[in-house]
Amino acid sequence: MRDIDLIYQLDILYYELDLKEKELQHINERLEIIRKNEEKQRYQSELENLYKITDDKHLEQRKKEAQLNDLKYKLANLKDSFEKATIKDNKQYEHFISSIEDLEEKIDTTELEIIEIMMNEDKINNLIDKTKYRIDEISKETTDLIKNYNLKTADLKKEIEELTNTILMQKKSISVENLAKYEKIKTKKKKAVATVKDKACSSCGMILPTSFYDLLQKSDDILLCENCGSILYYKKE
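Worth saying up front: this structure is predicted, and the values here are computed from it rather than measured. (Residues numbered from 1 in each chain as written. Predicted model: local features only at pLDDT ≥ 70, side-chain atom pairs only at ≥ 80, totals over all residues. Heavy atoms only, no water.)

For the rest of this paragraph, the subject is the overall build of the protein. Summing up its helical and strand segments, the protein has five helices and three strands in all. Reading the protein from its N end, one meets helices and strands in the order α-α-α-α-β-β-α-β. Taking 237 residues into account, the globule formula puts the C-alpha radius of gyration at 18 Å, and the protein, at 42 Å, lies well above it. Per-residue burial over the protein gives 31% buried out of 237 residues. (Helix = DSSP H or I, 4+ residues; strand = E, 2+ residues; numbered from the N terminus. Rg over C-alpha atoms; globule rule 2.2 N^0.38 Å. Buried < 20%, exposed > 50% of the residue type's maximum accessible area, 1.4 Å probe, protein only.)

A separate point is the sheet that holds strand β1 (residues 193–197). Taken in spatial order, the three strands make up an open sheet running β2-β1-β3, and their pairing is mixed. A strand with exactly one partner marks an edge of an open sheet, and here the two such strands are β2 (200–201) and β3 (231–233). When β1 meets β2, the two strands line up antiparallel, connected through two bridges. Within β2, the residue paired with valine 196 across the bridge is cysteine 201. Sheet contacts for helix α1 (residues 3–36): β1 and β3; angle to β3, the most-contacted strand, approximately 105°. (Pairing = 2+ DSSP bridges. Contact = heavy atoms within 4.5 Å. Axes fitted to C-alpha atoms, helices over the stretch in contact; angles between N-to-C directions.)

What follows deals with unusual backbone geometry. Even without glycine at this site, asparagine 37 takes up a positive phi of about 45°. As for its position among the elements, asparagine 37 is in the loop between α1 and α2 (38–84). For asparagine 37, a relative accessible area of 13% corresponds to the buried category. Phi angles above zero are rare outside glycine, and lysine 199 is one such case at about 65°. Tracing the sequence through the fold places lysine 199 in the loop between β1 and β2. The class of lysine 199 is partly exposed, set by a relative accessible area of 35%.

Let us now look at a nonpolar patch on the surface. On the surface, Leu112, Ile115 and Met119 cluster together to form a nonpolar patch covering roughly 310 Å² of accessible area. Here leucine 112 is to be found in helix α3 (residues 90–172). (Patch = residues over 30% accessible without salt bridge, like charges linked within 9 Å, V, L, I, M, F, W, Y side chains within 5 Å. Areas by Shrake-Rupley, 256 points an atom, 1.4 Å probe, with all protein chains shown as cover. Salt bridge = Lys/Arg side-chain N within 4 Å of Asp/Glu carboxyl O.)

Among the structural elements, glutamine 170 can be located in helix α3. Overall, glutamine 170 belongs to the buried group, its relative accessible area being 11%. One polar contact links the side chain of glutamine 170 to the main-chain carbonyl oxygen of leucine 6, over a distance of 3.0 Å. The residues contacting glutamine 170, other than those within four sequence positions of it, are Leu6, Gln9, Leu10 and Leu13. (Polar contact = N/O pair within 3.5 Å; in protein donor to acceptor, adjacent residues only side chain to side chain.)

With that out of the way, let us pick up the nonpolar core. With 25 residues, the main nonpolar core has Ile7, Leu10, Tyr182 and Ile231 as its most contacted residues. Within the residue set of this core, elements represented by two or more residues are α1, α3, α4 (176–186) and β3. For this core, the leading source of residues is α1, giving 11 residues. Counting residues in hydrophobic clusters, the runner-up holds 11 residues, among them Ala194, Val196, Cys201 and Leu208. (Core = buried A, V, L, I, M, F, W, Y, C linked by side-chain atoms within 4.5 Å.)

In this model α3 runs 120 Å from its N-terminal to its C-terminal C-alpha over 83 residues, within 8% of the 123 Å that 1.5 Å per residue would give. The N-cap residue of α3 is aspartate 89: its side-chain oxygen and the backbone nitrogen of lysine 91 are 3.3 Å apart. (Expected span 1.5 Å × (residues − 1).)

Of note, aspartate 5 is situated in helix α1. At 2.9 Å, the side chain of aspartate 5 forms a polar contact with the side chain of arginine 2.

Of the pockets and cavities examined, the largest pocket occupies roughly 150 Å³. In terms of lining residues, the largest pocket is bounded by Tyr8, Asp11, Ile12, Lys189, Lys191, Val193, Ala194, Thr195, Ser202 and Ser203. For the lining of the largest pocket, the secondary structure elements donating two or more residues are α1 and β1. (1 Å grid on protein atoms, 1.4 Å probe; cavity = no way out; pocket = protein on both sides within 12 Å on 5 of 7 lines; lining within 4 Å. Points joined across faces, edges and corners; volume = space filled by probe spheres on them.)

Where empty space is left in the structure can be found by rolling a water-sized probe over the atoms. Scanning all chains against the criterion turns up one cavity of 30 Å³ or more. One number sums up the size of the largest cavity: a volume of about 50 Å³. Residues of the lining of the largest cavity, tallied by class, amount to five nonpolar, one polar and two charged. (Nonpolar A, V, L, I, M, F, W, Y, C, P; charged D, E, K, R; others polar.)

Should their charged atoms come close, side chains of opposite charge can pair. All chains considered together, the criterion is met by 20 salt bridges. Note that glutamate 46 is salt-bridged to arginine 42, the shortest N-O span being 3.4 Å. With glutamate 46 and arginine 42 both in helix α2, this residue pair falls four residues apart, about one helical turn. Given the relative accessible area of 43%, arginine 42 is considered partly exposed. A salt bridge links glutamate 137 to arginine 134; the shortest N-O distance between them is 3.1 Å. One end of the pair is glutamate 137 and the other is arginine 134, both in helix α3 and three residues apart, which spans about a single turn. Here the salt bridges share partners, and the residues they tie into one network are Glu39, Arg134, Glu137 and Glu141.

Okay, here's the thing in C-alpha cells:
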C-alpha cells in the first residue's frame, strides 16, 4: 500500500481519536456537574431550613404550653380564692369575675395558638417528607447516571487505547520521511489530509490546476494543496 493511502487512513484514525477524546472530556465534565448536583444541594438546603423551622416551632409550642399551664394554674387558684372569699360588695365581685374571664380568654387564645402551631408543624412535616422524597429521587437518578457514564467512560477509554495502538502500528508502516511531513502539517491542522473530488480540495475548495491534478493522479508522492497546505489524497480507482 502506498504511503499516501496509509497517511490518509492515519488521518482518519487521528480524527476518530480526537472525537473519542472530546467525548470522554465531555462525559468527565458532565460527571463533575452531576456529582456537584446543584439541584440536590438546593433541596438539602431547603430541608435543613425546614428542620430549623420545625425546631423553632417545637420550642414555641413548649413555651405556649408552659404559658397555658401557668394560666390554668392561676385560674384554678383564682376560682378557689373566689369560692372561699367573703364578697363584701359588687365591685369586689365584678373584679373576681373580670379576672376569671380575662384568664379564661387568655387560655382560649393560647390553646388556639398551640393548635395553629401544631397545624403548621403538620404542613412543615409534609413538606419535609416531600423534600426528602425528592432528594432520594435525585440521589437515585444521580447514581444511575454516574453508573451509565462510568460504563461509557470505560468503553471510551478502551476504544481510545485501541485507536492509539492502531495509530502506532499505522505509523510504523509509513516511511520516516513521509511520516515527518504528515506530522508537521498535523501540528497546524486538525485534519492534515484533504480528499480531492471534482478536481477540488475538500479542505479549502480550491480547484486544482489541470497539470497539477494530472500529476496527483499519477504520482505516489506526498503533494500539498498550494492554497491551504493540506496533503492531497486522490483515491485511484
